[in-house]
Amino acid sequence: MEYPRQTNNLIASLRGLPEDRSVAKLRPAFPLGNLIEVLEQKYKIGQDKIEDLIAKHWSELVGEHAAHRSTPQRVVGGGILLIQVNNPMLRQELQFQQHKILDRLHRLPGGGVIKALNFRAG
């Protein structure tokens, strides 16, 4: 049986043992299965990310000519899709087609979270 720390310290002093002066709190143990379920939900483990879906359909979104010279990187705060582009001329061309690309993105399941595109040299 587990007693509160104050009781354990009283028993320890009666037996001539040192007291527990720790400030740590003893918490009950939880089953590991519950923790794994909570982490899977919190970090969306095992669920498809929007970045994976975009990468899968990238050539349809930007066209074959631009798909092999550009890469979708990740979605950052506020729904901004970061896109790495190898060529400055291609970057400018994609910027001109930004609204068409956004329309195609919004047709994808879950693509409505993308609000803007950010093209980066790379």
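Please refer to the structure higher up on the page.
What you see is a predicted model; the values in this text were computed from it and never measured.

Q: Requested: an account of the overall build of the protein chain, with residues and values cited.
A: When helices and strands are counted, the protein chain shows 7 helices and 3 strands. In sequence order, the secondary structure elements of the protein chain are arranged as α-α-α-α-α-β-β-α-α-β. Projecting the C-alpha coordinates of the protein chain onto the three principal axes gives extents of approximately 85 × 25 × 20 Å. Relative to its full complement of 122 residues, the protein chain shows a buried share of 23%. Put simply, 49% of the contacts in the protein chain that link residues at least 6 apart link residues at least 24 apart. As presented, the protein chain carries roughly 9,400 Å² of accessible surface, and 54% of it is formed by carbon and sulfur atoms. Averaging the locations of the 17 positively and 12 negatively charged side chains of the protein chain gives two centres separated by 6 Å.

Q: Before we move on, can you summarise the layout of surface pockets with the specific residues and values?
A: Here the largest pocket defines a volume of roughly 160 Å³. Lining the largest pocket, in full, are Tyr43, Lys44, Gln47, Asp48, Lys49 and Ile50.

Q: With reference to specific residues and values, describe the sheet that holds strand 3 (residues 116-121).
A: With respect to topology, 3 strands assemble into an open sheet ordered 1-2-3, the strand pairing being mixed. Sheet topology places strand 1 (70-76) and strand 3 at the edges, where each strand pairs with a single neighbour. Direction aside, the axes of adjacent strands within the sheet are offset by 25 degrees on average. Pairing between strand 1 and strand 2 (residues 80-85): 6 bridges, direction antiparallel. Its bridge partner being in strand 2, arginine 74 is matched across the sheet by leucine 82. Most of the contacts of helix 6 (residues 88-96) go to strand 3, to which it runs at about 175 degrees, and overall it touches strand 1, strand 2 and strand 3. Contacts from helix 7 (residues 98-107) reach strand 2 and strand 3, with the element oriented near 120 degrees to strand 3.

Q: Break down the environment of glutamate 2 for me, with residues and values.
A: With respect to the helices and strands, the residue glutamate 2 is situated in the segment before helix 1 (5-15). Not counting chain neighbours up to four residues away, the residues in contact with glutamate 2 comprise Asn8 and Leu26.

Q: Let's hear about the pattern of salt bridges: which residues, and what values?
A: Within the structure shown, the criterion is met by 2 salt bridges. A salt bridge links arginine 5 to aspartate 20; the shortest N-O distance between them is 3.5 Å. With a gap of 15 residues between them, arginine 5 in helix 1 and aspartate 20 in the loop between helix 1 and helix 2 (32-42) connect regions that are remote in the sequence. By relative accessible area, which is 26% here, arginine 5 ends up partly exposed. Among the salt bridges present, the one from glutamate 19 reaches arginine 21, with a minimum N-O distance of 3.8 Å. Relative accessible area serves as the criterion here: at 38%, glutamate 19 is assigned to the partly exposed category. Residue arginine 21 is classed as exposed on the basis of its relative accessible area of 69%.

So, how was this worked out
Each chain carries its own residue numbering, running from 1 in the written order of its sequence. Under the rules for a predicted model, residues below a pLDDT of 70 receive no local features and side-chain atom pairs below 80 are neither given nor counted, while totals for whole chains, interfaces and linings still include all residues. Side-chain numbers come from the whole structure's heavy atoms, not from hydrogens or water. The secondary structure listing takes helices from DSSP runs of H or I that are at least 4 residues long and strands from runs of E that are at least 2 residues long, numbered from the N terminus. Note on exposure labels: buried denotes an accessible area under 20% of the residue type's maximum, exposed denotes more than 50%, and partly exposed covers the range between, all computed with a 1.4 Å probe on protein chains only. Note on contacts: a residue pair qualifies if any of its non-hydrogen atoms lie within 4.5 Å across the two residues. In short, Shrake-Rupley with a 1.4 Å probe defines the accessible areas, and a residue's cover is counted only from the protein chains shown. Positive charges are assigned to Lys and Arg, negative charges to Asp and Glu, while His and the chain termini are left out of the count. In this description, the location of a charge corresponds to atom NZ of lysine, CZ of arginine, CG of aspartate or CD of glutamate. Note on definitions: the grid is 1 Å and covers protein atoms alone; a cavity is a set of points where a 1.4 Å probe fits but cannot get out; a pocket is an open set with protein on both sides within 12 Å along at least five of seven lines; lining residues have an atom within 4 Å of a point. Grid points are joined across faces, edges and corners, and a volume is the space filled by probe spheres set on the points. DSSP bridges decide pairing: two strands pair if at least two such bridges lie between them. To obtain each axis, a line is fitted to C-alpha atoms, and for helices this fit is confined to the stretch in contact; angles are then taken between N-to-C directions over 0 to 180 degrees. Any carboxyl oxygen of Asp or Glu that lies within 4 Å of a side-chain nitrogen of Lys or Arg is treated as forming a salt bridge with it.

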